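Survey of secondary and tertiary structure
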Amino acid sequence: MLYVGYSIWIGSNTKKAIATDLIIQMKPYLAFFCTYQLLPQLDKNQKNLLKETAVAIWVLLVPLGIAGFVNDNILWTVMGHPSCFAAAIVASSLVYLYCSDYTPRDRIIFLIMLALGIASGRSKFYGFFALAGFMILYASNAKHIKLNFKNLMALLLLFAVVIAVAYQKIEIYFIEGITAQAEGGNNEQDFLARFVLYSTSIDILKDYFPFGSGLASFATHASGEYYSGIYEEYGIDTVWGLSRTYHKFIANTYYPSLAQFGMAGVLLFIFFWIYIFRKAALFFMRTQQTRTLVIVTLIIGYILIENIADATFTSNRGFFMMVFLGLLCAEQKRELAAISEKGASSKITMKK
């Protein structure tokens, strides 16, 4: 409500645009907190059904993935975009892992299922696959989840691998864009839309400190549909993909949109993920079960990696992942309550 009032006060866009953006921005958080508060519980039969369904979906995607290794145009034709294929593989693989008994065999099957996503050719998926391999093969051992020199080196190695496999995208989105800007090219083709969004978002964070430029003002669907004046203000309304007549790439990434909420919003966004991860970490400390911590980390990793060059967080893929996170946190809450109740019962029995 603070941001709605602030946006109307500074006139970030029309009230209809602000309302539209508010709904879009709230969607992932509603998905998480509604699922978390409902405390849904799946029994063994339901989990088996979900696991079988996930495997069936994956089997249907296998021929498409094999064809994609040969010709990626097939993925564009059938799935609309290779990233949609990768997302389907990630979702079905994670559902399988969640519904399994989390045995070494189940974890290897998960990695095999996930490997099919390599056919998408997405650098972001390569980075996520590297994270999944580390979490499954190394972090699934409770003894490895502690802060020491060995584990710190393992994390640094993982970070280096993720950067290495995603370097192509980093170079395209940032380095080439910086080079073009340094050369002073005025041709709009010299500037990639995502680079412009990222660089401009930094200026907006400074100029509109601390609450940002307001809802529906920058790098979101609403800011393009109800074209925001901020693009003209910062002289980027002539960039290909960001113009009033062709704004297809305005909402093609997520992090620049945080400029709408300023540094206050950036900090709130970071604190939200710390809040989620802390729940999983505390649950691990109480139970020494790595399953939930691993899956929560993978979902957070997937969203954070995808957000670099896609508005995954506010898309249907992000909605699915946030419901999934809510389900996991609800499971943790229920199990911790059971542990506390059992502990209280034991104390009463001992006193008697």
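Provided above is the structure to which this section pertains.
Our subject in this report is the structure included herewith. (Residues numbered from 1 in each chain as written. Predicted model: local features only at pLDDT ≥ 70, side-chain atom pairs only at ≥ 80, totals over all residues. Heavy atoms only, no water.)

Once that is clear, we can look at the packing of helix α5 (residues 82–99) against helix α6 (residues 104–115). In contact at an axis separation of 9 Å, α5 and α6 are set at 175 degrees when each is read in the N-to-C sense. For the element pair α5 / α6, the angle class is roughly antiparallel. Every residue of α6 that contacts α5 at I89, V90, S92, S93, L94, Y96 and L97 is listed here: D106, R107, I109, F110, M113 and L114. Here the residues of the contact of α5 with α6 are counted per class, giving nine nonpolar, two polar and two charged. (Axes fitted to C-alpha atoms, helices over the stretch in contact; angles between N-to-C directions. Helix = DSSP H or I, 4+ residues; strand = E, 2+ residues; numbered from the N terminus. Parallel < 35°, antiparallel > 145°, perpendicular 65-115°, else oblique. Contact = heavy atoms within 4.5 Å. Nonpolar A, V, L, I, M, F, W, Y, C, P; charged D, E, K, R; others polar.)

Applying the stated criterion to the full structure yields 30 aromatic pairs. Ring geometry for F32 and F33: centres 4.8 Å apart, planes at 80 degrees, overall edge-to-face. For F32, a relative accessible area of 0% gives the class buried. Taken together, the aromatic side chains of Y29, F32, F33, Y36, Y254, Y255, F269, F272, W273, Y275 and F313 make up a single cluster linked through ring pairs. It is K47 that lies over the ring of Y98; its NZ or CZ is 4.8 Å from the centre. Lying across the ring of Y102, R107 places its NZ or CZ 4.9 Å from the centre. (Phe/Tyr/Trp six-rings, centres within 6.5 Å; stacked < 30°, edge-to-face > 60°. Buried < 20%, exposed > 50% of the residue type's maximum accessible area, 1.4 Å probe, protein only. Lys NZ or Arg CZ within 6 Å of the ring centre and 35° of its normal.)

A separate point is the environment of G301. Structurally, G301 is set in helix α14 (residues 290–306). Sequence separation between G301 and G127 is 174 residues; the distance between their C-alpha atoms is 9.4 Å. Ignoring sequence-local partners within four residues, the contact set of G301 consists of F128 and L131.

On to the nonpolar core, then. Membership of the largest hydrophobic core comes to 83 residues, with the highest contact counts inside it found for F110, F218, W273, L298, I299 and M322. It is α5 that contributes the most residues to this core, 11 residues altogether. Excluding residues within four positions of it along the chain, L298 makes contact with L94, L97, F110, F128, L131, A132 and M135. Counting six residues, the second-largest nonpolar core is a separate cluster that includes V4, Y6, L215 and F261. (Core = buried A, V, L, I, M, F, W, Y, C linked by side-chain atoms within 4.5 Å.)

Taken residue by residue, helix α1 (residues 2–10) has Y3, V4, Y6 and S7 as its buried positions. Buried residues of α1, viewed axially, fall in a sector of 165 degrees; they line one side. For α1, exposure combined with an orientation more than 90 degrees from the buried face picks out L2 and W9. Looking at the buried side of α1, the elements it contacts are α2 (15–38) and α13 (262–287). One or two positions beyond α1, positive phi appears at G11, with a value near 70 degrees. (Arc of directions from axis to C-beta.)

Let us look at α5. Working note: α-helix, 3.6 residues per turn, so residues spaced by three or four point in the same direction. Its 18 residues place the ends of α5 26 Å apart at the C-alpha level, agreeing with the 26 Å of an ideal helix rising 1.5 Å per residue. Burial analysis of α5 places 16 of its 18 residues in the buried class, which makes it a mostly covered element. (Expected span 1.5 Å × (residues − 1).)

Moving on, we come to the side chain of S92. Mapped onto the elements of the fold, S92 is located in helix α5. Polar contacts involving the side chain of S92 include one to the main-chain carbonyl oxygen of A88, which spans 2.9 Å. Those residues in contact with S92 that sit more than four places away from it in its chain are A54, W58 and M113. (Polar contact = N/O pair within 3.5 Å; in protein donor to acceptor, adjacent residues only side chain to side chain.)

So, about a nonpolar patch on the surface. Taken together, the side chains of L267, L268, I270, F271 and I274 make up a nonpolar region of the molecular surface, amounting to roughly 480 Å² of accessible area. By secondary structure assignment, the location of F271 is in helix α13. (Patch = residues over 30% accessible without salt bridge, like charges linked within 9 Å, V, L, I, M, F, W, Y side chains within 5 Å. Areas by Shrake-Rupley, 256 points an atom, 1.4 Å probe, with all protein chains shown as cover. Salt bridge = Lys/Arg side-chain N within 4 Å of Asp/Glu carboxyl O.)

A volume near 580 Å³ is recorded for the second largest pocket. Listing elements by their share of the lining of the second largest pocket, those giving two or more residues are α2, α9 (167–182) and α11 (221–225). Looking at the lining of the second largest pocket, its residues break down into 10 nonpolar, 12 polar and eight charged. (1 Å grid on protein atoms, 1.4 Å probe; cavity = no way out; pocket = protein on both sides within 12 Å on 5 of 7 lines; lining within 4 Å. Points joined across faces, edges and corners; volume = space filled by probe spheres on them.)

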